[in-house]
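Observations on the three-dimensional arrangement
Chain residues, written in single-letter form:
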Amino acid sequence: MSRRNTRHRAFDPDPDAPHQCCDAPGCTMEAGYRAPRSRTALNEYFWFCLTHVREYNARWDYYKGMSSAQIEAQLKADMSWDRPSWKIGHVGNKPFSEDDILDPLDVLKASRADRARRHRQSREPRTPERLREPLVTLGLHWPVSLEEVKARYKVLAKENHPDANNGDRHAEERLKIINVAYSTLRTHFATNADDGLEKSA
C-alpha cells in the first residue's frame, strides 16, 4: 500500500490565499498566488491566478527605476541583510566596550581578569633561564636583590646544617644543593654589577 503524499506541489495555490478573483484586469479566475506590489512594499501583495502570476513574475524587475549608484548601494546593504554595520571595534559611532554587553553569567568578567593577569605577567621582568632552578631552590622569585639572596641563604644554611640536624645525611645533601644555588646567584650578580634592575628588588 503506497503512502499518500500530503505535501503541496510546487504550483499548488497558496493555502492562505483569500477567496477572491484574480487581480489582473478582466480576469475572473480564482486568485491563488501572491506577488509583491513593489520593491518598497514587499509584504503587500497582488493575488493572481497561475497564468497571470507567471506573467507578472516574468515582467518583475526589482531594480527598475533605480540608478547605478542606487543599485550598488542596495547590493551593499543586502550583504548585511539591510542591517547597519560599522568597523570592527565600534558599536555604531562609539568604540566597543564589554560593559555594554549583557553578561549574566560573568563570562566576560572572567575573561577580563585573565587578560589583566596575562598583562601583568607580560610587564614583569622575565627570570633568566639559568637562574630559574637556583631561585626555586632558595624559594625566591625574580626580580630579587643580592641582599635578599644572602638573607635567604643564611636562613636555609642554618636550617639544613648537619650540626643542627644531628648529622642527618639528607640535610647535608640539601645543604650542598643550597650552596650551589647560592653560588650561581652570587656569580650572576657579580657579573651584572652594573645592572640596577638586578641589584634592586
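Since the structure is predicted, the reported quantities are computational estimates derived from the model, not experimental observations.

1. A closer look at the overall build of the chain
The number of helices and strands found in the chain is seven helices and four strands. Each helix and strand of the chain, ordered N terminal to C terminal, gives the series β-β-α-α-β-β-α-α-α-α-α. Within the chain, counting contacts between residues at least 6 apart in sequence, those at least 24 apart form 35% of the total.

2. Describing the packing of aromatic side chains
For the coordinates displayed, the defined rule picks out six aromatic pairs. A ring pair is formed by Phe46 and Tyr56, whose centres lie 5.8 Å apart and whose planes are at 70°; its orientation type is edge-to-face. You can see Phe46 sitting in strand S2 (residues 41-48) and its partner Tyr56 sitting in helix H1 (residues 50-59), a full ten residues away along the chain. Classification of Phe46 as partly exposed rests on a relative accessible area of 24%. Through a chain of ring-to-ring contacts, the aromatic side chains of Phe46, Phe48, Tyr56 and Trp60 assemble into a single cluster.

3. Structural notes on the environment of Phe189
Here Phe189 is to be found in helix H6 (residues 169-191). According to the relative accessible area criterion, Phe189 is buried, its value standing at 4%. Sequence separation between Phe189 and Leu146 is 43 residues; the distance between their C-alpha atoms is 6.7 Å.

4. A closer look at H6
End to end, H6 covers 33 Å across 23 residues, agreeing with the expected 33 Å (1.5 Å per residue, within 8%). Every buried residue belonging to H6 is among Ala171, Leu175, Ile178, Ala181, Tyr182, Leu185, His188 and Phe189, and all of these are buried. Its side-chain oxygen placed 3.2 Å from the backbone nitrogen of His170, Asp168 serves as the N-cap of H6.

5. So, the nonpolar core
Residues Leu135, Leu138, Leu140, Trp142, Val144, Val149 and Leu185 are the most contacted members of the largest nonpolar core, which totals 16 residues. Among the elements of the structure, helix H4 (132-138), helix H5 (146-160) and H6 are those that each provide at least two residues to this core. Ranked by residues supplied to this core, first place goes to H6 with six residues. When neighbours within four sequence positions are excluded, Val149 is seen to be in contact with Leu138, Leu140, Val144, Tyr182, Leu185 and Phe189. In this structure, Cys22, Tyr33, Phe48 and Val53 belong to the second largest nonpolar core, which totals nine residues.

Scoring rules and cut-offs
- Residues numbered from 1 in each chain as written.
- Predicted model: local features only at pLDDT ≥ 70, side-chain atom pairs only at ≥ 80, totals over all residues.
- Heavy atoms only, no water.
- Helix = DSSP H or I, 4+ residues; strand = E, 2+ residues; numbered from the N terminus.
- Contact = heavy atoms within 4.5 Å.
- Phe/Tyr/Trp six-rings, centres within 6.5 Å; stacked < 30°, edge-to-face > 60°.
- Buried < 20%, exposed > 50% of the residue type's maximum accessible area, 1.4 Å probe, protein only.
- Expected span 1.5 Å × (residues − 1).
- Polar contact = N/O pair within 3.5 Å; in protein donor to acceptor, adjacent residues only side chain to side chain.
- Core = buried A, V, L, I, M, F, W, Y, C linked by side-chain atoms within 4.5 Å.

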